[in-house]
Amino acid sequence: MPSPVRVALVQDAPVLFDRAATIDRIAQRASQAAQGGAQLVLLPEAFVSAYPRGLRFGTVVGSRTDAGRATWQRYLESSLDVPGPDCDRLGAIAAQLRLWLCVGVVERDPSHAAGTLYCSLLIFAPDGSLASRHRKLKPTATERLVWAEGDGSTLDVIPTPLGRLGGLICWENYMPLARAAMYAQGVEIYLAPTADQRDTWQATVRHIACEGRCFVLSCNQLVRKADYPPDVLAAEPLDHLPDPVCRGGSVIVSPLGQVLAGPLWDEPGILTADLDPGQLTRAKLDFDPVGHYARPDVFHLTVDRSPRTGTTFCATPHQARENTRDQFTAFKA
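Residues numbered from 1 in each chain as written. Predicted model: local features only at pLDDT ≥ 70, side-chain atom pairs only at ≥ 80, totals over all residues. Heavy atoms only, no water.

Regarding the overall build of the chain
Now for step 1: What the chain contains, in helices and strands, is eight helices and 16 strands.
Now for step 2: Taking 333 residues into account, the globule formula puts the C-alpha radius of gyration at 20 Å, and the chain, at 21 Å, falls close to it.
Now for step 3: By principal-axis analysis of the C-alpha atoms, the chain measures approximately 60 × 60 × 35 Å.
Now for step 4: Burial status across the chain gives 48% buried among its 333 residues.
Now for step 5: In the chain, the share of contacts with a sequence separation of at least 24, taken over all contacts with a separation of at least 6, comes to 71%.
Now for step 6: Working note: accessible area of the chain is about 15,700 Å², and carbon and sulfur atoms make up 54% of it. (Helix = DSSP H or I, 4+ residues; strand = E, 2+ residues; numbered from the N terminus. Rg over C-alpha atoms; globule rule 2.2 N^0.38 Å. Buried < 20%, exposed > 50% of the residue type's maximum accessible area, 1.4 Å probe, protein only. Contact = heavy atoms within 4.5 Å. Areas by Shrake-Rupley, 256 points an atom, 1.4 Å probe, with all protein chains shown as cover.)

Here's the deal with helix α5 (residues 199–212)
Because the α-helix completes a turn every 3.6 residues, residues three or four places apart line up on one side.
Now for step 1: For α5, spanning 14 residues, the distance from its first C-alpha to its last is 21 Å, which sits close to the expected 20 Å at 1.5 Å a residue.
Now for step 2: For α5, the complete set of buried residues consists of Trp201, Gln202, Thr204, Val205, Ile208, Ala209 and Gly212. Axial view of α5: buried residues confined to an arc of 160°, hence all on one face. Structural note: α5 exposes Asp199 and Ala203 on the side pointing more than 90 degrees away from its buried face.
Now for step 3: The elements touched by buried residues of α5 are α4 (176–184), β11 (189–191), β12 (215–218), β14 (246–253) and β15 (259–265).
Now for step 4: With its phi angle positive at about 50°, Arg213 sits one or two positions after the end of α5. (Expected span 1.5 Å × (residues − 1). Arc of directions from axis to C-beta.)

Details of unusual backbone geometry
Now for step 1: Following Val48, the chain continues to Ser49 via a peptide bond in cis, the omega torsion being -5°.
Now for step 2: Structurally, the position occupied by Ser49 is in the loop between β2 (40–42) and β3 (59–60).
Now for step 3: A cis amide bond links Asp243 to the next residue, Pro244, at an omega of 10°.
Now for step 4: Note that Pro244 resides in the loop between α6 (230–235) and β14.
Now for step 5: With a phi angle near 50°, Arg213 is a residue other than glycine that sits in the positive phi range.

Structure, rendered in C-alpha cells:
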C-alpha cells in the first residue's frame, strides 16, 4: 500500500493589505506545519493579502466615492503578480521546506495594465516551481465588483507523488459541472479554500468528498476587526459585522465523508491529518462518479480548456477576416 500523506491547513488571518508581511506569515506558518511532518500545506481563499469582507469600496448602485476608489487602489496594490517576484518568494518557501504549498491569492495579471484582479489558487511544488494556477470561475454576489471571472484554461488537476491534486475556490464548489470536471480528471486530494464560515459549508465539503470519492481539504481564515488597518476601518467601519468577522471552520474530510480533523472554530491553528491512499480505492467499491456510476450513454460534459482573451491582434486584414470566419464556423458547430 502507498504511504500515508500528511497534510496541514493553516487557519489564520493575513496581514491585511500588506503583501510582504503576509508572505512572511505564510513562511512562518508553513515552517510550523513542516516541523509537524506536513507534506502539503493549504492556506485559505484570498490569503494574500485580504478577503475584503464587509468592504463596499464606496459603491452603491449608480455611484462610487473617491474614498472608496482609494481603498480599492490600496487593495489592488497589495495583490500579487503571477508571475512576479512575490510569486517567486512563495515558490522559494515551498522549496526550502520541501513541501507542496497551496495558497489562495488575489492575483494581478501583469500582462496588461493593472486594473483587473482574480481570486486564484496557486500550487507550488517542492522544487519551488508554480505547478498550477486556478482562477475562480465565478465570483459570488458583490465579489464580482472586485474580482474578474477565470476561464477553463486553469480548470486542471495535476499528478503529484502525493496523489492527483486540484480543486475549486469557495462557492465554485456549488457549481455541479465544475465539480464534475474535477472528478473527470481523477482528483484525489481536492482543495477547497473558502471564505464561507457557515455550518452549511461543512455539509458541502462532506458531500463533495462522498460524491467525488476524494479527500477534501477546506481552509478558511480567522479574522477579527482588529486585523483590519485602522485607516481602512476609518473609511469603512464594520459596525454591521460580528467580531470575529470570519470564525474559520477549516476541516479535512475522507472519501467517505468522515471528518478527519476539525472543524476548527474561533481560533487560529494548524489542522493536520494523515491521508490513507487506500481509502480512495476502497471508497469506489460502490460509487465512482466517472467510472461505473457515470452513465456516459445518458450524460456528457464538454469542458472548454482554451484561454479566453478579449483581443486578438492580426498581422493583416485578411488574417482578421479568416479568424472571424473560423470563430463563426466553430460557433455554428
